[in-house]
Amino acid sequence: MYNTPPIGGIAAGFGGAAAASPWLGLQALWLGLAVFTLVSAGMAVKRILPARKG
């Protein structure tokens, strides 16, 4: 509605998968944690590397 990505629809999809199959819900949880870890590590490296160049 406000030119934002459909986060609610994605969350509802994950919720539906979790309700339909506990195994799929668990896999979605682990996938989310893995993506969060990779993004956090990438941001940390991006923040640290330019400081070392100086």
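It should be emphasised that the depicted structure is a prediction, and the values quoted were computed from it without experimental measurement.

Engineer: Please set out the overall build of the protein chain residue by residue, giving values where relevant.
Structural biologist: Secondary structure assignment for the protein chain yields 2 helices and 0 strands. By residue count, 2% of the 54 residues in the protein chain fall in the buried class. Surface exposure of the protein chain reaches about 4,900 Å², of which carbon and sulfur atoms provide 74%.

Engineer: Would you mind going over the UniProt feature "transmembrane region" (unreviewed entry) in the protein chain in detail, with residue names and values included?
Structural biologist: In the UniProt entry, the feature "transmembrane region" (unreviewed entry) is given for residues 29-49. Overall, residues 29-49 shows 100% helix and 0% strand. The separation of its end C-alpha atoms is 30 Å.

Engineer: Go over a nonpolar patch on the surface, please, and point to the residues and values.
Structural biologist: On the surface, a cluster of nonpolar side chains totalling about 410 Å² of accessible area is made up of Leu 26, Leu 29, Trp 30 and Leu 33. Note that Trp 30 resides in helix 2 (residues 22-53). Judged by relative accessible area, which is 52%, Trp 30 ranks as exposed.

Each value, and the rule that gives it
Residues numbered from 1 in each chain as written. Predicted model: local features only at pLDDT ≥ 70, side-chain atom pairs only at ≥ 80, totals over all residues. Heavy atoms only, no water. Helix = DSSP H or I, 4+ residues; strand = E, 2+ residues; numbered from the N terminus. Buried < 20%, exposed > 50% of the residue type's maximum accessible area, 1.4 Å probe, protein only. Areas by Shrake-Rupley, 256 points an atom, 1.4 Å probe, with all protein chains shown as cover. UniProt positions renumbered as here; feature names shortened; annotations may be inferred. Patch = residues over 30% accessible without salt bridge, like charges linked within 9 Å, V, L, I, M, F, W, Y side chains within 5 Å. Salt bridge = Lys/Arg side-chain N within 4 Å of Asp/Glu carboxyl O.

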